[in-house]
Amino acid sequence: MRLRSLEAFCAAVEEGSISGAARRMYLAQPSVSERLAELEREARVPLLVRSRRGVEPTEQGRLLYERARRVLDEVERVEEVLRSLRVRREARLYVAASSTLGEHLLPAWLRGFRERHPGVIPEVFVGNTKEVVALVGRGTVAFGVIEGGEVRGPLESVPLLEDELVVVVRPGHPWSRRGVRPEELSREPFISRERGSGTREVVERAISEMGLSLDVQMEFGSTSAIKEAIEAGLGFSLLSREAIRLELKAGSLSVAQGFSVPRRFTLIRNPSAELNPTEKGFYEYLLGVCQLSMNRRAKGAAAQSARNP
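Residues numbered from 1 in each chain as written. Predicted model: local features only at pLDDT ≥ 70, side-chain atom pairs only at ≥ 80, totals over all residues. Heavy atoms only, no water.

Reading across from one edge, β4-β3-β5-β10-β6-β9 is the order of the 6 strands in this open sheet, with mixed pairing throughout. Where the open sheet ends on each side, the last strands, each with one partner, are β4 (121–127) and β9 (237–240). Within the sheet, the average angular offset between the axes of one strand and its neighbour, ignoring direction, is 25°. Both strand β3 (residues 92–98) and strand β5 (residues 143–147) contribute to a ladder of 2 bridges, which runs parallel. Paired with A96 across the bridge in β5 is G144. (Pairing = 2+ DSSP bridges. Helix = DSSP H or I, 4+ residues; strand = E, 2+ residues; numbered from the N terminus. Axes fitted to C-alpha atoms, helices over the stretch in contact; angles between N-to-C directions.)

Shown next as structure tokens:
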């Protein structure tokens, strides 16, 4: 038994004619007749009485109609649920971000995107770079933003923004007044991010290439915890300048001039994962916003060079 045959049968009973059923279903009358014939062949009993006035159900037909109507109504409710789920899926925005981006940049990007698309429902995973790469690699999320450069393997990567890791100390620290020389970094307790963090990988690579070492005394799983530890006078760290903007403005943290590490924020994508319309829109929005930001920085740097030839 096919639902299309039950639909034709119920429409014929409710309209009182095969032509009326055909109009309701937007079908040719012979197509409706064939569906009704198919149902009667399966039932092996007449289901409709045909006359010049139209059609009426037989006794067996009335019994079938009552059951069929309930089935079709339930199917319609199921289809409504499926449509609702489809709409919700298309409005969802699944994205993953490493800690610095997820805590300090992604909220502003989401706010800007939602101003253009108010119905968007973001679902964001924030973790370290290793975790984000793993999620995107498995296709759990289609794309994410991380700290660092290109990733190995099948994932696509696109540069987003240039960043800078700076020496962060508490106010009143000698380095905050006179700056710091690279060789001095090993003389103070260093507060590090956990293994798997993009910030940690960039710091370790830069320090190693310079032939230096750090006295790692503590490891934390978030930038916020490191900032608290620095404020408590437990040591210093190398953090993104983007991550300490508010603390610098409030005067609760200070940057020691004389040493910094350049790095890049990167957008990664699993090429085999399908993006829904909302995710595709946010992906393109990120590329546009970050390109605009890089253009502004380039113009600012050019203007600074012109003022200080």
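Counting 24 residues, the largest nonpolar core has W109, F143 and F282 as its most contacted members. For this core, the secondary structure elements donating two or more residues are β3, α6 (106–116), β5, β6 (156–169), β10 (254–269) and α12 (277–307). Among the elements that take part in this core, α12 stands out by supplying 5 residues, more than any other. If sequence neighbours within four positions are ignored, F282 has contacts with L93, L106, W109, L110, F113 and F143. Listed in part, the 20 residues of the second largest apolar core include A21, L47, L48 and L64. (Core = buried A, V, L, I, M, F, W, Y, C linked by side-chain atoms within 4.5 Å. Buried < 20%, exposed > 50% of the residue type's maximum accessible area, 1.4 Å probe, protein only. Contact = heavy atoms within 4.5 Å.)

According to the stated counting rule, one finds 20 salt bridges in the structure shown. The partner of R241 in a salt bridge is E164, and the shortest N-O contact between them spans 3.1 Å. Placement of the pair is R241 in the loop between β9 and α11 (245–250) and E164 in strand β6, with a sequence separation of 77 residues. Residue classification places E164 among the partly exposed positions, given a relative accessible area of 27%. The partner of E183 in a salt bridge is R181, and the shortest N-O contact between them spans 3.1 Å. For E183, a relative accessible area of 39% gives the class partly exposed. Connected via shared salt-bridge partners are E14, E15, R24, R69 and D73. (Salt bridge = Lys/Arg side-chain N within 4 Å of Asp/Glu carboxyl O.)

As a further point, take unusual backbone geometry. Although it is not a glycine, Y26 adopts a positive phi angle of roughly 55°. Structurally, the position occupied by Y26 is in the loop between α2 (18–25) and α3 (29–43). In this structure, R44 is a non-glycine residue whose phi angle is positive, near 65°. For R44, the location among the structural elements is in the loop between α3 and β1 (48–51). The exposed category is assigned to R44, whose relative accessible area is 77%.

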